[in-house]
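Single-letter residue listing:
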Amino acid sequence: MGKAAVAKAFADMNAALAVLIAEADGCGSEPFSAADPLAGLADGCLDILAGAAGVQARIAGLVVSAAGTYAVTARAAAPPDPPVQALERAIAAEISCVMAIGDRAAGALLARSHALTTSLPRTLAALHNGTISWQHATVMVDEAATLDPAGAAALEAHFLDPDTPKPATAAPIGEIPAYRFRAKARTWRERHHADSIEQRHAQGVSDRRVEYRPDQDGMAWLSAYLPAHQATALWNKLTALSRTMQGPNEHRTLTQLRADSFAEGLLNSGNTTGVTGAAGAGDGGERTGPNQAPVRAEVLVTVPVFSLLGLTGESAMLDGYGPIPPSMARDLVATGADSFHRVLVDPRDGAPLEIGRTSYRVTKAMRNWLRLRDGKCPFPGCNNHSLDNEADHLLAWHNGGTTGVSNLGQPCPKHHKLRHTSSWKPTPATTTAPPGWTSPTGRHYTSEHQDWEPPHWPHQVRSVSGGAGSVTGRPPDFAYTGLSPGEEALERLLHAPRA
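A brief report on the enclosed structure follows. (Residues numbered from 1 in each chain as written. Predicted model: local features only at pLDDT ≥ 70, side-chain atom pairs only at ≥ 80, totals over all residues. Heavy atoms only, no water.)

1. Notes on the overall build of the protein
1) Next: Helix and strand content of the protein: 17 helices and 11 strands.
2) Next: Put simply, the protein has 499 residues, and 39% of those count as buried.
3) Next: Pairs at least 24 apart in sequence give 60% of the contacts found in the protein among residues at least 6 apart. (Helix = DSSP H or I, 4+ residues; strand = E, 2+ residues; numbered from the N terminus. Buried < 20%, exposed > 50% of the residue type's maximum accessible area, 1.4 Å probe, protein only. Contact = heavy atoms within 4.5 Å.)

2. Side note on the pairing of strand E2 (residues 220–225)
1) Next: Bridge count for strand E1 (residues 209–214) against E2 is six bridges, and the pairing is antiparallel. When the bridges of E2 are listed, Val210 appears paired with Ala224.
2) Next: Where E1 folds back onto E2 in an antiparallel hairpin, the turn is made up of five residues, including Asp217, whose phi is positive at roughly 60 degrees. (Pairing = 2+ DSSP bridges.)

3. Some thoughts on the side chain of Arg258
1) Next: Here Arg258 shows up in helix H11 (residues 254–267).
2) Next: Within the local environment of Arg258, its side chain forms a polar contact with the side chain of Thr239, the two groups lying 2.9 Å apart.
3) Next: Residues contacting Arg258, with those up to four places away along its chain left out, are Trp235, Leu238, Thr239 and Ser242. (Polar contact = N/O pair within 3.5 Å; in protein donor to acceptor, adjacent residues only side chain to side chain.)

4. Here's the deal with the nonpolar core
1) Next: Counting 26 residues, the largest nonpolar core has Leu127, Phe159 and Phe181 as the members making the most contacts within it.
2) Next: Within the residue set of this core, elements represented by two or more residues are helix H2 (37–77), helix H4 (103–118), helix H5 (121–129), helix H6 (134–144), helix H7 (149–160) and helix H8 (178–192).
3) Next: Of the residues forming this core, the biggest block, five residues, is contributed by H6.
4) Next: The contact partners of Leu127, leaving out residues within four places of it in the chain, are Ala57, Arg58, Ala60, Gly61, Val64, Leu116, Ile132, Ser133, Trp134 and Ala137. (Core = buried A, V, L, I, M, F, W, Y, C linked by side-chain atoms within 4.5 Å.)

5. Details of unusual backbone geometry
1) Next: With a phi angle near 55 degrees, Ala100 is a residue other than glycine that sits in the positive phi range.
2) Next: When you line up the elements, Ala100 lands in the loop between helix H3 (84–99) and H4.
3) Next: Using a relative accessible area of 69% as the deciding quantity, one classes Ala100 as exposed.
4) Next: Although it is not a glycine, Asp217 adopts a positive phi angle of roughly 60 degrees.

6. Looking at H5
1) Next: The complete set of buried residues in H5 reads Thr123, Leu124, Ala126 and Leu127. Down the axis, H5 shows its buried residues gathered within 160 degrees of arc, on one side only.
2) Next: The secondary structure elements touched by the buried residues of H5 are H2, H4, H6 and H7.
3) Next: Positive phi appears at Gly130, one or two residues downstream of H5, with a value of about 75 degrees. (Arc of directions from axis to C-beta.)

7. Focus on the sheet that holds strand E11 (residues 444–445)
1) Next: One open sheet accounts for three strands, arranged E9-E10-E11; its pairing is antiparallel. The strands lining the two open edges of the sheet, one partner per strand, are strand E9 (425–426) and E11.
2) Next: Both E9 and strand E10 (residues 437–438) contribute to a ladder of two bridges, which runs antiparallel. Each bridged residue has a counterpart across the sheet, and for Lys425 the counterpart in E10 is Thr438.

8. As for the environment of Pro434
1) Next: Along the chain, Pro434 turns up in the loop between E9 and E10.
2) Next: Sequence separation between Pro434 and Cys377 is 57 residues; the distance between their C-alpha atoms is 9.2 Å.
3) Next: Not counting the four nearest positions on each side in its chain, Pro434 is found in contact with Arg373, Asp374, Pro378, Ala429, Ser447, Glu448 and His449.

9. Notes on H2
1) Next: Look at H2: 57 Å from first C-alpha to last across 41 residues, which is about the 60 Å you get at 1.5 Å a residue.
2) Next: Along H2, the residues that are buried comprise Gly40, Gly44, Gly54, Ala57, Ala60, Gly61, Val64, Ala67, Gly68, Ala71 and Ala74.
3) Next: Lining the buried residues of H2 we find H3, H4, H5 and H6. (Expected span 1.5 Å × (residues − 1).)

10. Quick notes on the side chain of His416
1) Next: With respect to the secondary-structure elements, His416 resides in helix H15 (residues 413–421).
2) Next: Here His416 falls in the buried class, since its relative accessible area comes to 14%.
3) Next: A polar contact is formed between the side chain of His416 and the side chain of Asp392, at a distance of 3.3 Å.
4) Next: Within the structure, His416 has its side chain in polar contact with the side chain of His420 (distance 3.2 Å).
5) Next: The residues touching His416, leaving out its near neighbours within four places in the chain, are Glu390, Ala391, Asp392 and Pro411.

11. Notes on the pattern of salt bridges
1) Next: Per the stated rule, a full pass over the model turns up 16 salt bridges.
2) Next: Among the salt bridges present, the one from Asp260 reaches Arg252, with a minimum N-O distance of 2.8 Å.
3) Next: Among the residues examined, Asp260 registers a relative accessible area of 26% and is labelled partly exposed.
4) Next: Residues joined in a network through salt bridges with shared partners are Asp43, Asp47 and Arg443. (Salt bridge = Lys/Arg side-chain N within 4 Å of Asp/Glu carboxyl O.)

12. With respect to the packing of H7 against H8
1) Next: Between H7 and H8, whose axes approach to 11 Å, the crossing angle comes to 130 degrees. Put simply, H7 runs oblique to H8. In the packing of H7 onto H8, the handedness of the crossing is right-handed. Of H8, the residues touching H7 (which contributes Gly151, Ala154, Leu155, His158 and Phe159) are Phe181, Lys184, Ala185 and Trp188.
2) Next: Here the contact of H7 with H8 is composed, by residue class, of six nonpolar, two polar and one charged. (Axes fitted to C-alpha atoms, helices over the stretch in contact; angles between N-to-C directions. Parallel < 35°, antiparallel > 145°, perpendicular 65-115°, else oblique. Left-handed = near helix turned anticlockwise from the far one by under 90°. Nonpolar A, V, L, I, M, F, W, Y, C, P; charged D, E, K, R; others polar.)

13. Observations concerning the packing of aromatic side chains
1) Next: Evaluated as defined, the whole model comprises four aromatic pairs.
2) Next: Residues Phe379 and Trp437 carry aromatic rings whose centres are separated by 5.1 Å and whose planes lie at 65 degrees to one another, so their mutual orientation is edge-to-face. Of this pair, Phe379 sits in the loop between helix H14 (364–374) and strand E7 (392–393) while Trp437 sits in strand E10, and the two are 58 residues apart along the sequence. An identical accessibility class is assigned to Phe379 and Trp437; each is buried.
3) Next: Judged by centre distance (5.9 Å) and plane angle (35 degrees), the ring pair of Trp424 and Tyr445 falls under tilted. In this pair, Trp424 sits in the loop between H15 and E9 while Tyr445 sits in strand E11, placing the two residues 21 residues apart along the sequence.
4) Next: For Tyr445, a relative accessible area of 35% translates into the label partly exposed. (Phe/Tyr/Trp six-rings, centres within 6.5 Å; stacked < 30°, edge-to-face > 60°.)

And the structure:
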């Protein structure tokens, strides 16, 4: 059948799309709901959007398969021993012309199609099934690019194999935005890369730089490639400083204030009367303008206790960034950097523990706990890691709600306002799982979960304790936030009561 089958398939698709467009425009043959046509149309459009996302993914899978097969056949049909570079350029040019895209876009499509069709079968299958988007597939290709074949297969299996253990309420990767999936995939890659994070970080440090790029309309970009703890501290410092400048008489947005504070801090670094600058990460110093209180930006460093003691080499977690080398975490703890707060995690399962109180006021320790539990604003797809996320009672205090971690969320200001000015409502949380959300239409959306992993147990500890597998559960009344490192902490962890 060949070309005739292809032509008929696309004709059928176009006819189906015409039906869906008419339905989305409210011009269907009959209403979605005779009793309430307006509400029925709104609900029907949501069904169309959900279905369209799956169709878009399948179309992307079709494009990948067609591009990959074309490239293979074009190479096979080429004259013997053609110049490789010229052949690949010709193949990309054909794709560029037939799809009306640029040469670079065509080259990128061919490279990703090759990776998906040769090295990432689970990802390609998920595209064909419509369970992940093209953007998700691109993330998988990018994160697997520097892994060996075994590592790429393990990365795929972790996120796409249904038999991989996950929290019961964890959303499949296709149900979270691709940029959030990138953060999760990057975290997994950092933890499981064949080369140690210390080796890779050392190379990154040697490549640190500042780059300048002119742009349109009298503007330009200035960006810095820095060690994660420095970049995170600088960003949080700029945010905290800019927050102090907001007020009824300040017309600049938070984004504009960050840019102005950054520029003024650098340009006036030698001027004692200038605007507050962004202090270096961990320097403990605060430069302030006249009558301005010092501004500190707090960053949580979550580190396995054995790694902190130098018994294992696994990575720590920098709040708002992801995995960092253990040497960086140990340095932040040892130097007593004021802006960094260490959080030791239980070696039995990798998670910190519940802390709470019975009064209405949410303590600083509880706010830190919420940041550890949620990682960000818990609204699905929100990426706000900033320190101005607001503690919120899920069941209101005046309705009998308690001030325990399991009854608290930490939405960003935008989604906190959404909760109290619309019919969007959070669902119950637990000590280890953030609240989900229910929309005005009754649809339930699951929040992301932190990607905790059980820390590694050093050989000498396993031999004494009988192995990590024999240590189960966690002590119900022991919190590690603010705990000083050392042998006393290790002894307490090993001999804490079994749950």
